[in-house]
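Chains, contacts and geometry: an overview
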Amino acid sequence: MNTDDLWPGFDEAESQVLRMQAKLHQWATHSPDRRFCDLFNLVSDPCFLVVAWHRVRGNRGARSAGVDGVKPNSILFGDRMLTELRDDLKARRFQPLPVRERMIPKANGKRRRLGIPTVRDRIVQASLKLVLEPIFEADFKPCSFGFRPKRRAQDAIAEIHHFTSRSYEWVLEGDITACFDEIDHTALMGRVRDRIGDKCVLALVKAFLKSGILSEDGEMVGTKTGTPQGGILSPLLANIALSVLDVHFAEAWKSWGSDSSRCRRHVKGLATYRLVRYADDFVVMVSGTRQQVEALKEEVATVLSPMGLRLSEEKTTIVHIDEGFDFLGFRIQRQTKPGSNKLVVYTWPSRKALASIMAKVKMLTRQGTHQSLANLLRQVNPALRGWTNYFRHGVSKATFHYLNHYTWRRVIGWLRRKHLRANWKFLRRRYCDNGWQIGQDGVALFDTRAVSVTRYRYRGQRIPTPWDEWKTVMAG
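Reading guide: rules and limits
- Residues numbered from 1 in each chain as written.
- Predicted model: local features only at pLDDT ≥ 70, side-chain atom pairs only at ≥ 80, totals over all residues.
- Heavy atoms only, no water.
- Core = buried A, V, L, I, M, F, W, Y, C linked by side-chain atoms within 4.5 Å.
- Buried < 20%, exposed > 50% of the residue type's maximum accessible area, 1.4 Å probe, protein only.
- Contact = heavy atoms within 4.5 Å.
- Salt bridge = Lys/Arg side-chain N within 4 Å of Asp/Glu carboxyl O.
- Helix = DSSP H or I, 4+ residues; strand = E, 2+ residues; numbered from the N terminus.
- Phe/Tyr/Trp six-rings, centres within 6.5 Å; stacked < 30°, edge-to-face > 60°.
- Polar contact = N/O pair within 3.5 Å; in protein donor to acceptor, adjacent residues only side chain to side chain.
- Pairing = 2+ DSSP bridges.
- Axes fitted to C-alpha atoms, helices over the stretch in contact; angles between N-to-C directions.
- Parallel < 35°, antiparallel > 145°, perpendicular 65-115°, else oblique.
- Left-handed = near helix turned anticlockwise from the far one by under 90°.
- 1 Å grid on protein atoms, 1.4 Å probe; cavity = no way out; pocket = protein on both sides within 12 Å on 5 of 7 lines; lining within 4 Å.
- Points joined across faces, edges and corners; volume = space filled by probe spheres on them.
- Nonpolar A, V, L, I, M, F, W, Y, C, P; charged D, E, K, R; others polar.

The subject of this paragraph is the nonpolar core. In this structure, L39 and I123 are the most contacted members of the largest nonpolar core, which totals 81 residues. Residue contacts for L39: discarding those within four places in its chain leaves L24, V131, L132, I135, I196, D198 and V201.

In structure tokens, the structure reads:
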């Protein structure tokens, strides 16, 4: 793929990269013990660099800068930068710079460290990922869903729903403490060497792991363990490290033999279990007793320890499916189906997920009233659309109605502040053509069809409709 014609167009480069990725994946699948050499030429190939630069510039992180202060979206002439970068790679002069630390607050009051690489480092990491991902994808197990192509969080929820509906009633919900910060470099590089034999690629991966962190206080911090969260290559490296857990459970399942052999295990009082992992969060569903789940918890901790990883005592819990648990924003619980005595596993948005989107709507409608209604809805609608699209695969109708009414009330309150506590008749005449379909500003308000005089219920509690609740409030 190395040619003298540098910097092809994106469409041509992408087709070449996809063709090479298909070959790498095919070779890795057919030869599980093969170690790939001579990959560094692909990392510095013009097609791979063009696709990597296109993805870096088109990413949301293009608005953030590394330690050099350069943002990807501020670079006008990418060809010049790619030429210099490729020359440095081929001459073995490239050395990654430290990542810029940014502490992001979490919901529990703690802060998460985010490492922002420079533009040049992001391009090389993206090119490395394009080369390494198809090779390691051939080794990853089907139970892994996080940070993998064409595998969504909803697929993981569907897998959990499948197993918990079929006699896997005990659940070990696990969480790994500071996974991205505590991965052992020696153990991680050992797993990478199992597949990669190119010393230049291995040296490049190790250089990114050891690049260091420039803290918010301006101090240089060495990285003896972990891979900086925020780097393009970090999710792939984390999956490589956590694949030890996937392999352990896959081999255990394979050792139990056929369905009849697993049935004989149940007759003897032995447990069977299945794993679903999404990045550093995982769920182990067990067909057995609670004591067997507690023993399995110790087994998981033993499997993770060689990689320098530890289970979080606070977030790792053992529950029965009838009690329910939260995973990836969903609430998963077995309940009696209305109108029958049948037990069914349901999934719906968790309270924490609902509270987060309601807080976002509240923040958007709390801003100043100097903007128009159209501008307000242009901010509210994308947030609601993305949230409801994520949860539309669950039993979410009642939650959507509840969120719809809450947003309706927040927008009405915003309009009343904008017009100095105007009454209902004025607002209806000023903004509405039919019901609450926005007329004058030309922007539809979320799902207006859900706003009607029908009385809805949410978790057994009656929810007053907008007309029921607000025709009295507006009059006051």
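Using the criterion set out here, one finds 14 salt bridges in the structure. Residue R148 pairs with E137 through a salt bridge whose shortest N-O separation is 2.8 Å. Linking R148 in the loop between α5 (119-137) and α6 (153-164) with E137 in helix α5, this pair joins segments that are eleven residues apart in sequence. An identical accessibility class is assigned to R148 and E137; each is buried. D246 is the partner of R277 in a salt bridge, and the nearest nitrogen-oxygen pair spans 2.8 Å. You can see R277 sitting in strand β6 (residues 272-278) and its partner D246 sitting in helix α10 (residues 234-255), a full 31 residues away along the chain. The exposure class assigned to R277 is buried, which follows from its relative accessible area of 1%. Ionic contacts of the salt-bridge type, sharing partners, join the residues D88, R93 and R120 into one network.

How two aromatic rings sit relative to each other is set out by the distance from centre to centre and by the angle between their planes. Using the criterion set out here, one finds ten aromatic pairs in the structure. Summarising the aromatic geometry, the rings of F94 and F208 are spaced 6.2 Å apart at their centres and angled 50° between planes, so their arrangement reads as tilted. Of the two residues, F94 is situated in the loop between α4 (78-90) and β1 (99-105) and F208 in helix α9 (residues 199-209); the sequence distance between them amounts to 114 residues. Residues F94 and F208 agree in their burial class; the two are buried. Where F163 meets Y168, the ring centres are 5.7 Å apart and the plane angle is 75°; that geometry is what we call edge-to-face. For the pair shown, F163 and Y168 are each scored as buried.

Time to look at the side chain of S396. Of note, S396 is situated in the loop between α14 (373-391) and α15 (397-418). Of note is the side chain of S396, whose polar atom sits 2.7 Å from the backbone oxygen of F391.

To continue, consider the sheet that holds β6. Spatial strand order, β6-β7-β3-β8: four strands in an open sheet with antiparallel pairing. Looking at strand neighbours, the two that pair on one side only are β6 and β8 (317-320), the edges of this open sheet. Strand-to-strand, the axes of this sheet are offset by a mean angle of 20°, without reference to chain direction. As paired elements, strand β3 (residues 170-175) and β8 share four bridges and run antiparallel to each other.

Moving on, we come to the packing of α14 against α15. With their axes 12 Å apart at the nearest point, α14 and α15 run at an angle of 170° to one another. Overall, the two elements α14 and α15 adopt an arrangement that is roughly antiparallel. In terms of crossing hand, the pair formed by α14 and α15 is right-handed. Residues L373, L376, L377, V380, L384, W387, T388 and F391 of α14 form the contact with α15, whose participating residues are T399, F400, L403, T407, V411, W414 and L415.

Using the criterion set out here, one finds one cavity of 30 Å³ or more in the structure. A volume near 100 Å³ is recorded for the largest cavity. Among the secondary structure elements, those contributing two or more residues to the lining of the largest cavity are α5 and α10. A per-class count over the lining of the largest cavity returns seven nonpolar, five polar and one charged.

Once that is clear, we can look at the sheet that holds strand β11 (residues 343-349). With antiparallel pairing, three strands are arranged side by side in an open sheet as β9-β10-β11. Every interior strand has two partners, whereas the edge strands, β9 (325-327) and β11, have only one. Averaged over all pairs of adjacent strands, the angle between their axes in this sheet comes to 30°, without regard to strand direction. Of the pairings in the sheet, the one linking β9 to strand β10 (residues 330-336) comprises three bridges and is antiparallel in character. Counterpart to F327 in the pairing with β10 is F330.

Not every positive phi belongs to a glycine, and R92 is a case in point at roughly 60°. Structurally, R92 is set in the loop between α4 and β1. At F147, a position not held by glycine, the phi torsion is positive, near 55°. Within the element layout of this structure, F147 appears in the loop between α5 and α6. A relative accessible area of 44% means that F147 is categorised as partly exposed.

Take the layout of surface pockets next. If a probe the size of a water molecule is rolled over the atoms, the empty space left behind becomes visible. When its volume is computed, the largest pocket comes out at roughly 2,000 Å³. Contributing to the lining of the largest pocket are 45 residues, with K106, R112, D175, D281 and K315 lying nearest its centre. The element that contributes the greatest number of residues to the lining of the largest pocket is strand β2 (residues 111-116), accounting for four residues. When the residues that make up the lining of the largest pocket are grouped by side-chain class, the tally is 19 nonpolar, twelve polar and 14 charged. Computed from the structure, the second largest pocket encloses a volume of approximately 770 Å³. Of all the elements in the fold, those that place two or more residues in the lining of the second largest pocket are α3 (46-58), β1, β2 and α5. In terms of residue count, α5 provides more of the lining of the second largest pocket than any other element does, four residues in total. Residue classes in the lining of the second largest pocket are distributed as ten nonpolar, six polar and seven charged.

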